[in-house]
Amino acid sequence: MSLYGFDGLDMDWEYPVQGGNHIVHRPEDRENYTLLLRAVREAFNELSQREGKTYLLSIAGGAFPAFAENIQIKELCS
């Protein structure tokens with residue numbers, strides 16, 4: 001992150017559980033999406049402690065009901 005001056009990451013997974021455009025997808029993607037975002041957030045938090053800088057984590061989410069149904073919104077917000 002510091003080498004290139006990045007201040008975060010915008011995660012674009014198209015689309016957990018549902019897939020799209022011939023993208024491989026599985027039912028367990030619902031939990032895997034949460035685990036991936038949690039791991040990135042934890043790594044950013046550790047980096048923030050070392051560098052004294054805040055790192056952002058955002059998602060590019062689908063604007064349709066199936067996207068919300070295929071992610072763990074409650075877990076992602078905590």
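Residues numbered from 1 in each chain as written. Predicted model: local features only at pLDDT ≥ 70, side-chain atom pairs only at ≥ 80, totals over all residues. Heavy atoms only, no water.

Peer 1: So what exactly am I meant to see when it comes to the overall build of the chain here?
Peer 2: Scanning the chain from terminus to terminus reveals three helices and two strands. The linear arrangement of helices and strands in the chain, starting from the amino end, is β-α-β-α-α. The principal-axis extents of the C-alpha atoms in the chain amount to approximately 40 × 25 × 20 Å. Sorting the 78 residues of the chain into buried and exposed places 22% on the buried side. Summarising the internal contacts of the chain: among those between residues at least 6 apart in sequence, 63% fall at separations of at least 24. With an accessible surface of roughly 5500 Å², the chain has 56% of that area assigned to carbon and sulfur atoms. The centroid of the 7 positive side-chain charges in the chain is displaced by 5 Å from the centroid of its 12 negative side-chain charges. (Helix = DSSP H or I, 4+ residues; strand = E, 2+ residues; numbered from the N terminus. Buried < 20%, exposed > 50% of the residue type's maximum accessible area, 1.4 Å probe, protein only. Contact = heavy atoms within 4.5 Å. Areas by Shrake-Rupley, 256 points an atom, 1.4 Å probe, with all protein chains shown as cover. Lys, Arg positive; Asp, Glu negative; His and termini not counted. Charge placed at Lys NZ, Arg CZ, Asp CG, Glu CD.)

Peer 1: Is there a simple way to explain unusual backbone geometry in this structure?
Peer 2: Generally, phi is negative for residues other than glycine and the peptide bonds are trans, each holding for most cases. With omega at -25°, the peptide bond leading from E14 into Y15 counts as cis. For Y15, the location among the structural elements is in the loop between β1 (8–11) and α1 (29–51).

Peer 1: Whenever I open this one, the side chain of Q72 confuses me. Can you help?
Peer 2: Here Q72 shows up in the loop between α2 (65–69) and α3 (73–76). Side-chain polar atoms of Q72 contact the side chain of T34, separated by 2.6 Å. What Q72 contacts, discounting residues up to four positions off in sequence, is R30, E31 and T34. (Polar contact = N/O pair within 3.5 Å; in protein donor to acceptor, adjacent residues only side chain to side chain.)

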